[in-house]
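Residue-level structural notes
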Amino acid sequence: MRAVFAGIATVSPNATGLAGAAGIGAATCAVAFAAAPHSCEGGLAFYFWFGVTATLALSAMPFFVQRGRTLPIRLGWSAGLALFGAAAWIAGLFAANLRIICRLF
């Protein structure tokens, strides 16, 4: 439901949450390409912790954005966004071709 106040339209919580999730997913993939050239010198560790932080932020987002919803609905959104974050994280890992094993000996 949209209401117009002084020419400014309010945005629904679902649209805000999905836009935020898309931004975090895009940032996760972009960080993968930035960390790929330095994956053996700490880039992989940085990408790992960035992915953990992004996934936690995505799973916490429904509790801040969708305050009027019931708890089971927010938990469902939280699980869905956490799966989206993990998928974006793994997709960025393989798309950017981060090296996991740098040296064998």
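Up top is the structure these notes are about.
Residues numbered from 1 in each chain as written. Predicted model: local features only at pLDDT ≥ 70, side-chain atom pairs only at ≥ 80, totals over all residues. Heavy atoms only, no water.

**Digging into the nonpolar core**
Listed in full, the nine residues of the largest apolar core are Val31, Ala32, Ala35, Ala36, Tyr47, Trp89, Leu93, Ala96 and Leu98. If you list the elements that add at least two residues to this core, you get helix 1 (13-35) and helix 3 (71-95). For this core, the element with the most residues is helix 1, which contributes three residues. Among all residues touching Leu93, those that are not within four sequence positions of it are Ala32, Leu44, Tyr47, Leu98 and Ile100. (Core = buried A, V, L, I, M, F, W, Y, C linked by side-chain atoms within 4.5 Å. Buried < 20%, exposed > 50% of the residue type's maximum accessible area, 1.4 Å probe, protein only. Helix = DSSP H or I, 4+ residues; strand = E, 2+ residues; numbered from the N terminus. Contact = heavy atoms within 4.5 Å.)

**A short note on helix 3**
In this model helix 3 runs 35 Å from its N-terminal to its C-terminal C-alpha over 25 residues, within 8% of the 36 Å that 1.5 Å per residue would give. Inspection of helix 3 places Arg74, Ser78, Leu81, Ala82, Gly85, Ala88, Trp89, Gly92 and Leu93 among the buried residues, and these make up the whole buried set. Note on helix 3: the residue one or two positions beyond its end, Asn97, has a positive phi of about 60°. (Expected span 1.5 Å × (residues − 1).)

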